[in-house]
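Notes for the structure review
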Amino acid sequence: MRIAGIEDAAEVLEKKLALELSSMTLEEAASFARTFSHFLNLMGIAETHHRVRRIKNTIQLSKSCDDIFSKMIQSGTSPEDLYNAVCEQEIEIVLTAHPTQINRRTLQYKHLRIAHLLEYNDRADLGHEEREMLIEDLRREVTSLWQTDELRRHKPTPVDEARAGLHIVEQSLWKAVPHYLRRVSAALKKHTGRPLPLTCTPIRFGSWMGGDRDGNPNVTAKVTRDVCFLARWMAADLYIREIDSLRFELSMNRCSDELAKFAYEILEAENQYEERHQENGYQTSHRAHAKHSVCNSPALPTQLPAGADMPACTECNDGESQLPILEFPVTDHSDSFESGHNAESSVTLLKSSLSRNSEKYDDGKLDVNVRTINVSTNASSSGSGTGTPSASSTAGFGFSSPRKKTSEFNVGKSIFDKILNPNITQRPDFAPYRIVLGHVREKLITTRRRIEEILEGIPCDYDPSQYYENSAQLLEPLMLCCESMQSCGSDILADGRLADLIRRVSTFGMVLMKLDLRQESGKHSETLDAITEYLDMGTYSEWDEEKKLEFLVTELKGKRPLVPPTIEVSAEVREVLDTFRVAAELGSESLGAYVISMASKASDILAVELLQKDARLAVSGELGRPCPDNTLRVVPLFETVKDLRGAGSVIRKLLSIDWYRNHIIENDNGLQEVMVGYSDSGKDSGRFTAAWELYKAQEDVVAACKEFGIKVTLFHGRGGSIGRGGGPTYLAIQSQPPGSVMGTLRSTEQGEMVQAKFGLAQTAVRQLEIYTTAVLLATLHPPDPPRSMNWREVMEKISEVSQQYYRSIVYENEQFLEYFREVTPEAELGNLNIGSRPTRRKKSSGIGHLRAIPWIFAWTQTRFVLPAWLGIGAGLEAACAKGYKEELQAMYREWPFFQCAIDLIEMVLAKSDLSIAKHYDEVLVSPSRQKLGEELREAFRMTEKYVLLVSGHEKLTENNKSLKRLIESRLPFLNPINMIQVEILRRLRGDVNNQKLRDALLITINGIAAGMRNTG
């Protein structure tokens, strides 16, 4: 009614509904809320399915590679420049564990099953009986949803969060990446005449899950180490599955001389082993068994791999996730996903962790006293590089690994086994590809087993030639197979499952997603305080900046360790030092960047460089060899408005230091990475001021690096909501300052946006394409800068007034803090158990120490979304009062950055609801503070007025019809949940220990988050 302009009737009906809800029993209210909450989730699944279906039926999608490549060629970009720009593109999407994913993992998987059933229902060849069975399956899934507890009863640990992130890879990205790369390659070939090289991948993935320790004491050095090995375990397991299918597929016997030679070397090494084994006899010592246990992997698979009878293109179309839900080494929890045990729980192996994925070609059996694992120990090696694997790489078939007393090895083949699986050289069907891939499979199994033993704490001393340490080693035999097929005229076979596997290895490596480490700058200062005080050098944090830099540079140039092995420090300092030790042990093959939050000075970056260098010296001394790989990239994160304004100066100071500049050139290929934070800057000064300061900071950082001849990659710490820098990916990238996106980009994807963008393979492919085309356009056709200095002056005026108004309300109004606590469910959000990180940085009740996520989450629940628009109306009004109305309208038409900012605010205003926000005020806020609520609603109306004035739109969502339809379809279900939440909050605040009321409140929070499609 309100949409139709019938305000009075709508208000009467809302009051009547509120009256009826207030008379409901708690059980009735909870059941009512659950019904609407589930309905909104199901509505979201249906909407996503409809979008995917429309995309499938579109010949040339907007913003697709085919679309953008075509337009760029037509606009004058040469095919050569286009090809090189795509091949040289470096994008990294970093998945984070910020606690904004409201749904339990159990419910997410049920939602995925429903999505796959909807996809299956679209098949035109379904008969009547099949469709009836499908409808029954849907009913079962919905019934299962209804009968499942939707609330997390325990907080997830960091390892739980990391496991959830790895499941995104298995669930969708594993299928999406090859599909996406095929699209890029096909479009490149169409418009430039050349396909994308097989090992070239414009996009990779990173993670903060298990590495982000900023304000989260649950993320320890041990957690980081365990998470890295879990990722390696999962990578090996996924590759084994692919090799199983590939071995079955590649049955050909025609091959190149190089591949034939390599296959015979593998057979020769195997025969040599068998001869030695027969000479020595079977009764050997336990140690000898461990070193020389081998069982052959027959060229012909003895059992079909799962789905071998189906072509690769049909995967993920049967209503299941593409791969079975992976069970791999986990923290020792009673629950698999929602356990609340301490993150430091020792890592063990589930007894049935490989039950679904039993080895199909193995003759040996290994019992590690935790559970039985069927293994194949045909070990081998593959050197680095791209040449043919050497003969020596196949000679060492054994492995050396101490086992528990209960371990047993079945060595050799029985006579019956030999009858079933004769020696490969005795067979008429010599299959070289299967031999080589069997050899790869054995190394992958050894790789996986080695990781299991490391996680179990079993000492292991495998020869490096027996397992894969990096992706180059795995790519070598795969590329050899590919080149062999191409030389034999089997290009179409080479471009199938094998090409997809090569693309996966190039993208995911041996770790799936490299893990970033993040810590707050103050922790590093505390650590250096402890060191300098122990060495009687004074207190580091009390020194001025120049003295700090002199000390740090001197130590960095030195060759001796700084930290004495005997130093005694506090537990917090020890944890920092242990983190750097783990980083030194794992190296840059497993880890990505070391991000310093709250960075503000050049010494903040050099402090991390010194602690990193010192840890590597200590670890290499203990190992008796250099640490693996290079040191981690050190990335300053500028978050507050003050720090953003000084970002360029900090980078100039750093690059003026000879040691640091040379280090960047030698260690990081002359590339400086800088991260900018959207969340804290927005909470600090309001969304508009934050956006403008971020724009200027990026310009200044780019200019600073250019002065010293250093390339720069900007890392965007964007959240899911508009208030934390979220919004459409394409729009966000296209509105960056010119020159800030030069073929490289890093960006976080957080919370519920990870599932929304990458939860389904089809949507993930679309998102990856959008990243590629947006970065390509921003690189070759950068967006326009402000047309004149006058536009910058107007922006400064709007920003200044906007910030003043925002801070006068949020930080300077004495009533605001209490008003915020009364009108929102902020205090109750901590009971949601949606993340391992505390909601506050420090034990303080003020807004300043409240994290940006719960700050925005709380306001989203009331449908007021105050952090995203507060202050903007005042700024625009002041600019119009100065006579800048026409200038603002021209800025909106011609300047992508300004247009993006206004459009995002308009989107927020459209999704807000003043009548619902007013209802929260009337019921929950003390009469003395209700006047503040009315002032804020008036500020909202003023913001709406001036946003429409600048954009030239008559109504909100005028230029976004799909958003308008989405809002209108959800209101009949969303509004009642809000009104139930108000009633439950009213009752709960009079009975704070009532657990049933708390559960009912959490159900409404889930429902509103589903309806708004984002949280924080």
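Being a predicted model, the structure only gives us computed values, none of them experimental.

**With respect to the sheet that holds strand β7 (residues 514–520)**
- Around the barrel, which closes on itself, the eight strands sit in the order β1-β2-β7-β8-β9-β10-β11-β12 with parallel pairing between neighbours. Put simply, the sheet's adjacent strands are angled 25° from each other on average, direction ignored.
- Here helix α18 (residues 602–623) sits on the sheet and contacts β8 (591–597) and β9 (633–638); the angle it forms with β9, its principal contact strand, is near 150°.

**A closer look at the nonpolar core**
- Core analysis: the biggest nonpolar cluster contains 165 residues, and Tyr239 and Leu606 have the highest contact counts within it.
- Take this core: its biggest share by element is 15 residues, from helix α8 (residues 221–249).
- With residues up to four places along the chain from it excluded, the contact list for Leu606 reads Leu549, Leu552, Val553, Leu556, Leu654, Ile657, Trp659 and Tyr660.
- By size, the runner-up hydrophobic cluster in this structure holds 93 residues, among which are Val810, Ile847, Leu866 and Leu985.

**With respect to unusual backbone geometry**
- Its identity as a non-glycine residue notwithstanding, Leu512 has a phi of 70°, on the positive side.
- Relative to the helices and strands, Leu512 resides in the loop between α14 (491–508) and β7.
- Exposure remark for Leu512: the relative accessible area of 1% places this residue in the buried category.
- Phi is positive for Thr957, close to 65°, though the residue is something other than glycine.
- When you line up the elements, Thr957 lands in the loop between α35 (930–951) and α36 (961–988).

**Remarks on the pattern of salt bridges**
- Applying the stated criterion across every chain, the model contains 55 salt bridges.
- In this structure, Arg140 and Asp137 form a salt bridge, with 2.7 Å as the shortest nitrogen-oxygen distance. Taken together, the positions of Arg140 and Asp137, both in helix α6 (residues 128–146) and three residues apart, correspond to about one turn of that helix.
- Accessibility expressed as a relative area gives 31% for Asp137, which makes it partly exposed.
- Residue Arg503 is joined to Asp500 by a salt bridge in which the shortest nitrogen-to-oxygen separation is 3.8 Å. Of the two residues, Arg503 and Asp500 are both situated in helix α14; the distance of three residues between them amounts to about one turn of the helix. Across the pair, exposure class does not vary: Arg503 and Asp500 are buried alike.

**Some thoughts on the pairing of strand β2 (residues 203–207)**
- A large share of β2 lies buried, amounting to four of its five residues.
- As judged from the five bridges shared by strand β1 (residues 90–96) and β2, these two strands associate in the parallel manner. Bridge pairing in β2 places Ile93 opposite Phe205.
- Pairing between β2 and β7: two bridges, direction parallel. Paired with Ser207 across the two strands is Leu515, which belongs to β7.

**Regarding helix α37 (residues 995–1012)**
- Over its 18 residues, α37 runs 26 Å from end to end, which matches the ideal 26 Å to within 8%, given 1.5 Å per residue.
- Here α37 lies mainly inside the structure; 15 of its 18 residues are buried.
- Its side-chain oxygen at 3.0 Å from the backbone nitrogen of Lys996, Asn994 defines the N-terminal cap of α37.

**So, a nonpolar patch on the surface**
- Taken together, the side chains of Tyr534, Leu535 and Met537 present a nonpolar region at the surface, about 230 Å² in accessible area.
- The topology assignment puts Met537 in the loop between α15 (521–534) and α16 (545–557).

**Side note on the side chain of Thr1004**
- In this structure, Thr1004 sits in helix α37.
- Contacts of Thr1004, omitting those with residues within four sequence positions, involve Ala33, Gln861, Ile977, Ile980, Gln981 and Ile984.

**Some thoughts on α14**
- Given a rise of 1.5 Å per residue, 18 residues ought to cover 26 Å, and the 24 Å separating the end C-alpha atoms of α14 matches this to within 8%.
- When the local axis directions of α14 are compared, the greatest deviation, roughly 50°, occurs at Leu498.
- By the criterion of burial, α14 is predominantly enclosed, with 14 of the 18 residues buried.
- Two residues or fewer after α14 comes Gly509, characterised by a positive phi angle close to 60°.

**Looking at the pairing of strand β10 (residues 671–677)**
- Among the seven residues that make up β10, six are buried, leaving the element largely enclosed by the rest of the structure.
- Pairing analysis gives two bridges linking β9 to β10, with the strands arranged parallel. Bridged to Leu637 within β10 is Met675.
- Where β10 meets strand β11 (residues 711–717), seven bridges bridge the pair, whose relative direction is parallel. Residue Val674 lies in a different strand from β11, and its bridge partner there is Leu714.

**A word on the packing of aromatic side chains**
- Tallying each qualifying case throughout the model produces 31 aromatic pairs.
- With a centroid separation of 6.5 Å and an interplanar angle of 85°, the aromatic rings of Phe688 and Phe898 are classed as edge-to-face. With Phe688 in helix α23 (residues 687–707) and Phe898 in helix α33 (residues 896–911), this residue pair connects regions lying 210 residues apart in the sequence. Per residue, the accessibility class of Phe688 equals that of Phe898, and both read buried.
- Their ring planes at 90° and their centres at 5.3 Å tell us that Trp869 and Phe940 sit as a pair that is edge-to-face. With Trp869 in helix α30 (residues 866–869) and Phe940 in helix α35, this residue pair connects regions lying 71 residues apart in the sequence. Across the pair, Phe940 and Trp869 agree in class, each one buried.

Each value, and the rule that gives it
- Residues numbered from 1 in each chain as written.
- Predicted model: local features only at pLDDT ≥ 70, side-chain atom pairs only at ≥ 80, totals over all residues.
- Heavy atoms only, no water.
- Pairing = 2+ DSSP bridges.
- Helix = DSSP H or I, 4+ residues; strand = E, 2+ residues; numbered from the N terminus.
- Axes fitted to C-alpha atoms, helices over the stretch in contact; angles between N-to-C directions.
- Contact = heavy atoms within 4.5 Å.
- Core = buried A, V, L, I, M, F, W, Y, C linked by side-chain atoms within 4.5 Å.
- Buried < 20%, exposed > 50% of the residue type's maximum accessible area, 1.4 Å probe, protein only.
- Salt bridge = Lys/Arg side-chain N within 4 Å of Asp/Glu carboxyl O.
- Expected span 1.5 Å × (residues − 1).
- Polar contact = N/O pair within 3.5 Å; in protein donor to acceptor, adjacent residues only side chain to side chain.
- Patch = residues over 30% accessible without salt bridge, like charges linked within 9 Å, V, L, I, M, F, W, Y side chains within 5 Å.
- Areas by Shrake-Rupley, 256 points an atom, 1.4 Å probe, with all protein chains shown as cover.
- Bend = angle between axes of the 7 residues up to and from the residue.
- Phe/Tyr/Trp six-rings, centres within 6.5 Å; stacked < 30°, edge-to-face > 60°.

From the geometry alone we can't say anything about function, so treat these as descriptive.
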